[in-house]
Amino acid sequence: MLTYFLQQQTPMALKQLQKKRLVMTKQMSNVVREKQIMRQLLHPHILKLTGTFSDKCSLYFVLEYLQGGDVFSRLCKQGGRFDMRTTRAYAACVTDGFDYMHAKNIIYRDLKPENLVLDKDGVIKVVDFGMAKHTVQRTFTVCGTPEYMAPEAYGTNPDTWGEAVDVWAYGVVLMRVMTLQQPFDRSVSRRDLFKLVPHGLDKPFRYVEPTCVNYPDRRFKVLMESCLSFDPESR
């Protein structure tokens, strides 16, 4: 929802959350956590939370207004992939934002093109912190978008369930926007991914090895091999 800051007529985005629905879906604690995390973040490549308020029926997040569209939509308009120059620019923005989050012990857990949105100047912003978590210890919750989830995020190796899951997702995004490929065969359904991915720690299932992909740049290939390592400690 688009709104305006009255004194300066600055456009803002208004996110409305119905209290009744939040209670029914048991999402109240998640919304509180999302607000607390976003209040900690002030970075040029992260969506800014300006304020919050509520009325009898709803909660509201007042957010920075981003009018450039998300990366996934832009990707579709450009034939499914970006050139190296565009990829480098976007990757640098995402790297900067995640370095900032990880320094604050915040794991994002849902990196994908749909959650990267551009402002009017084409600057990338990370949005949607509904699955983000502040922690200095391990976490066990299985969450995220299956195609971008790291093997350990499926619960097979909780001792290393940490910020390395964001590095894996980062690698999947870059692989997708540059090569039209993903680490796991697209013929695998989302439901089956929950069964297949954990086995990759010992025996990859329908796994596209980063070394087998035709990358346009050698340095990019090295980056992919590092980000998409099954060993979290090697990412």
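All values reported here derive from a predicted model rather than from experimental measurement.

Rules used in this analysis
- Residues numbered from 1 in each chain as written.
- Predicted model: local features only at pLDDT ≥ 70, side-chain atom pairs only at ≥ 80, totals over all residues.
- Heavy atoms only, no water.
- Helix = DSSP H or I, 4+ residues; strand = E, 2+ residues; numbered from the N terminus.
- Buried < 20%, exposed > 50% of the residue type's maximum accessible area, 1.4 Å probe, protein only.
- Contact = heavy atoms within 4.5 Å.
- Core = buried A, V, L, I, M, F, W, Y, C linked by side-chain atoms within 4.5 Å.
- Expected span 1.5 Å × (residues − 1).
- Polar contact = N/O pair within 3.5 Å; in protein donor to acceptor, adjacent residues only side chain to side chain.
- Axes fitted to C-alpha atoms, helices over the stretch in contact; angles between N-to-C directions.
- Parallel < 35°, antiparallel > 145°, perpendicular 65-115°, else oblique.
- Nonpolar A, V, L, I, M, F, W, Y, C, P; charged D, E, K, R; others polar.
- Left-handed = near helix turned anticlockwise from the far one by under 90°.
- Salt bridge = Lys/Arg side-chain N within 4 Å of Asp/Glu carboxyl O.

Caption draft 1: Examining the overall build of the chain more closely. Scanning the chain from N- to C-terminus turns up seven helices and eight strands. When the 235 residues of the chain are sorted by exposure, 46% land in the buried category. Sequence-distant contacts, at least 24 apart, represent 65% of the contacts inside the chain between residues at least 6 apart.

Caption draft 2: Structural view of the environment of Asp96. Take Asp96: it is sitting in helix α4 (residues 84–103). Placed 51 residues apart in sequence, Asp96 and His45 show a C-alpha to C-alpha distance of 7.3 Å. The residues contacting Asp96, other than those within four sequence positions of it, are His43 and His45.

Caption draft 3: Up close: the nonpolar core. By size, the foremost hydrophobic cluster in this structure holds 56 residues, and its most contacted members are Met101, Leu111, Ile124 and Phe129. Ignoring any residue separated from it by four or fewer positions in sequence, one finds Met101 in contact with Leu41, Ile46, Ile106, Tyr108, Val126 and Phe129.

Caption draft 4: A look at α4. A rise of 1.5 Å per residue sets the reference length of α4, with its 20 residues, at 28 Å; its end C-alpha atoms lie 28 Å apart and thus fit the reference within 8%. When we look at burial in α4, the residues that qualify are Met84, Thr87, Tyr90, Ala91, Cys93, Val94, Gly97, Phe98, Met101 and His102. Summarising the contacts, the buried residues of α4 are in contact with α3 (71–77), β5 (106–107), β6 (116–118), β7 (124–126), α5 (164–179) and α7 (218–227). The opening residue of α4, the one whose side-chain oxygen lies 3.3 Å from the backbone nitrogen of Arg85, is Asp83. Asn105 sits one or two residues past α4 and shows a positive phi near 60 degrees.

Caption draft 5: Fine view of the packing of α4 against α5. Contact geometry of α4 with α5 gives a least axis separation of 11 Å together with a crossing angle of 170 degrees. Viewed along their axes, α4 and α5 adopt a mutual orientation that is roughly antiparallel. In this structure, α4 uses Met84, Thr87, Ala91, Val94, Thr95, Phe98 and His102 to contact α5, whose residues at the interface are Asp166, Tyr170, Leu174, Val177 and Met178. Here the contact of α4 with α5 is built from residues that sort into eight nonpolar, three polar and one charged.

Caption draft 6: Region of interest: the environment of Leu59. As for its placement among the helices and strands, Leu59 is situated in strand β4 (residues 58–64). Setting aside chain neighbours within four positions, we find Leu59 in contact with Lys15, Gln16, Leu17, Lys19, Leu22, Met28, Val31, Phe53 and Ser54.

Caption draft 7: Up close: the side chain of Lys112. Relative to the helices and strands, Lys112 resides in the loop between β5 and β6. Overall, Lys112 belongs to the buried group, its relative accessible area being 17%. When near neighbours in sequence (up to four residues on either side) are disregarded, Lys112 contacts Thr145, Tyr148 and Val173.

Caption draft 8: Local environment of the packing of α5 against α7. Orientation of α5 relative to α7, taken along the N-to-C sense of each, is 140 degrees, at an axis distance of 8 Å. In terms of their interaxial angle, α5 and α7 are classed as oblique. The element α5 and its partner α7 pack so that their crossing is left-handed. Mapping the contact onto sequence places Val167, Trp168, Tyr170, Gly171, Leu174, Met175 and Met178 in α5 and Phe220, Leu223, Met224 and Cys227 in α7. Taken together, the residues of the contact of α5 with α7 sort by class into ten nonpolar, one polar and no charged.

Caption draft 9: Representation of the pattern of salt bridges within the structure. Considering all chains together, one arrives at four salt bridges under this definition. The residue Glu64 makes a salt bridge to Lys125 at a minimum N-O spacing of 3.1 Å. A residue pair is termed long-range when its members are at least 10 positions apart, and Glu64 in strand β4 and Lys125 in strand β7 qualify at 61 residues. Note that Lys120 and Asp121 form a salt bridge whose closest N and O atoms lie 3.4 Å from each other. Comparing Lys120 with Asp121, the two get one shared label, exposed.

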